[in-house]
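# Secondary and tertiary structure notes
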Amino acid sequence: MLRRFYEWILSLAQSRWALAALAIIAFVESSVFPIPPDVLLIPLILAAPTRAFMIAAVCTVSSVLGGAFGYYIGAELFDAIGRPILDFYHKAEAFETFKTRFNEQGHWAVLFAGITPFPYKVITITSGATDLPFWSFLFWSLIARGIRFFIVATLLWHFGAPIRDFIERRLALVFTVFLILLVLGFWAVKYF
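So, here's what we can say about the structure. Everything quoted here is computed from the prediction, not taken from an experiment.

## Thoughts on the overall build of the protein
Each helix and strand in the protein was counted, giving nine helices and zero strands. Along the protein, helices and strands appear, N-terminal first, in the series α-α-α-α-α-α-α-α-α. Across the 192 residues in the protein, those meeting the buried criterion constitute 43%. Long-range contacts, defined here as pairs at least 24 residues apart, represent 79% of the contacts in the protein between residues at least 6 apart. With an accessible surface of roughly 10200 Å², the protein has 72% of that area assigned to carbon and sulfur atoms.

## Re a nonpolar patch on the surface
A grouping of Ile115, Phe139, Ile143, Ile147, Ile151, Leu155 and Phe159 is seen on the molecular surface, where their side chains present a nonpolar patch of about 590 Å² in accessible area. The dominant element in the nonpolar patch, judged by the number of residues it contributes, is helix H8 (residues 134-169), at six residues. If you trace the backbone, Ile147 turns up in helix H8.

## A word on the side chain of Thr124
Assignment of secondary structure puts Thr124 in helix H7 (residues 120-129). Look at Thr124 and you get buried, because its relative accessible area is 0%. From its side chain, Thr124 meets the backbone oxygen of Lys121 in a polar contact 2.9 Å long. Those residues in contact with Thr124, other than ones at most four positions away along the chain, are Ser30, Ser31, Gly67, Gly70, Tyr71 and Phe137.

## Focus: the pattern of salt bridges
Tallied over the full model, the rule gives three salt bridges. Salt bridges sharing partners connect three or more residues here, namely Glu29, Lys121 and Arg145.

## A few points about the packing of aromatic side chains
Centre-to-centre distance and the angle between the planes together describe a pair of aromatic rings. Within this structure, the stated rule accounts for 10 aromatic pairs. Taking 6.3 Å as the distance between ring centres and 20 degrees as the angle between the ring planes, the aromatic pair formed by Phe69 and Tyr72 counts as stacked. You can see Phe69 and its partner Tyr72 sitting in helix H4 (residues 52-76), three residues apart, about one turn around the helix. The exposure class of Phe69 is partly exposed, given its relative accessible area of 34%. When the centroid spacing of 6.4 Å and the interplanar angle of 35 degrees are considered together, the rings of Phe134 and Phe137 count as tilted. With Phe134 and Phe137 both in helix H8 and three residues apart, the pair spans about one turn of that helix. Phe134 gets classed as partly exposed once you look at its relative accessible area, which sits at 27%.

## A look at the side chain of Ser31
With respect to the helices, strands and loops of the structure, Ser31 is situated in the loop between helix H2 (18-29) and helix H3 (38-47). A relative accessible area of 1% places Ser31 in the buried class. When sequence neighbours within four positions are dropped, the list of residues in contact with Ser31 reads Gly66, Phe69, Gly70, Ile73, Ile85, Lys121, Thr124 and Ile125.

## Describing H7
Of all 10 residues that make up H7, 10 are buried, and the element is covered over most of its length. Regarding H7, the residues found buried are Tyr120, Lys121, Val122, Ile123, Thr124, Ile125, Thr126, Ser127, Gly128 and Ala129. Asp131 occupies a position one or two residues after H7 and carries a positive phi of about 65 degrees.

Quick notes on the rules
- Residues numbered from 1 in each chain as written.
- Predicted model: local features only at pLDDT ≥ 70, side-chain atom pairs only at ≥ 80, totals over all residues.
- Heavy atoms only, no water.
- Helix = DSSP H or I, 4+ residues; strand = E, 2+ residues; numbered from the N terminus.
- Buried < 20%, exposed > 50% of the residue type's maximum accessible area, 1.4 Å probe, protein only.
- Contact = heavy atoms within 4.5 Å.
- Areas by Shrake-Rupley, 256 points an atom, 1.4 Å probe, with all protein chains shown as cover.
- Patch = residues over 30% accessible without salt bridge, like charges linked within 9 Å, V, L, I, M, F, W, Y side chains within 5 Å.
- Salt bridge = Lys/Arg side-chain N within 4 Å of Asp/Glu carboxyl O.
- Polar contact = N/O pair within 3.5 Å; in protein donor to acceptor, adjacent residues only side chain to side chain.
- Phe/Tyr/Trp six-rings, centres within 6.5 Å; stacked < 30°, edge-to-face > 60°.

Geometry only, nothing functional implied.
This is the structure in structure tokens:
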């Protein structure tokens, strides 16, 4: 089943809709969706390594635009949409205390969440809900998401064939590590 999913993702990565699908996934992941765009970004770059940096740019811009939507959710729709999402991550109770501290160091939170497996959408919504200055949020989001996606693109562009071979030979291991990182990101949200 895992092999079929991997082959489906690779076929999607080679379709004419691949960049649009990546843009949609990157946008939605930055505001509400729990699966990171790497699930399509990596196969897309492996399928077309000469386009690695263009693919990373699409992913970065889409992710930052999705982050701006997450910011909007936090700023304008917090009670209707933002609070239930933060409740899902068990962050609503500590919100008021966190709000003041967050704005003092919010740019570091945006940078950290934008680069690491920490769920970025929590920070995008929190940034809007705490009134972190929008242009500061946007600047640090662009830096963080750019670092994350362009590092992946650079590594895959430079070491693409051996990485693809490694992934294909150890698909179960790669999938397990990916899931562990995803779970650790959600765990970090719950306990920190």
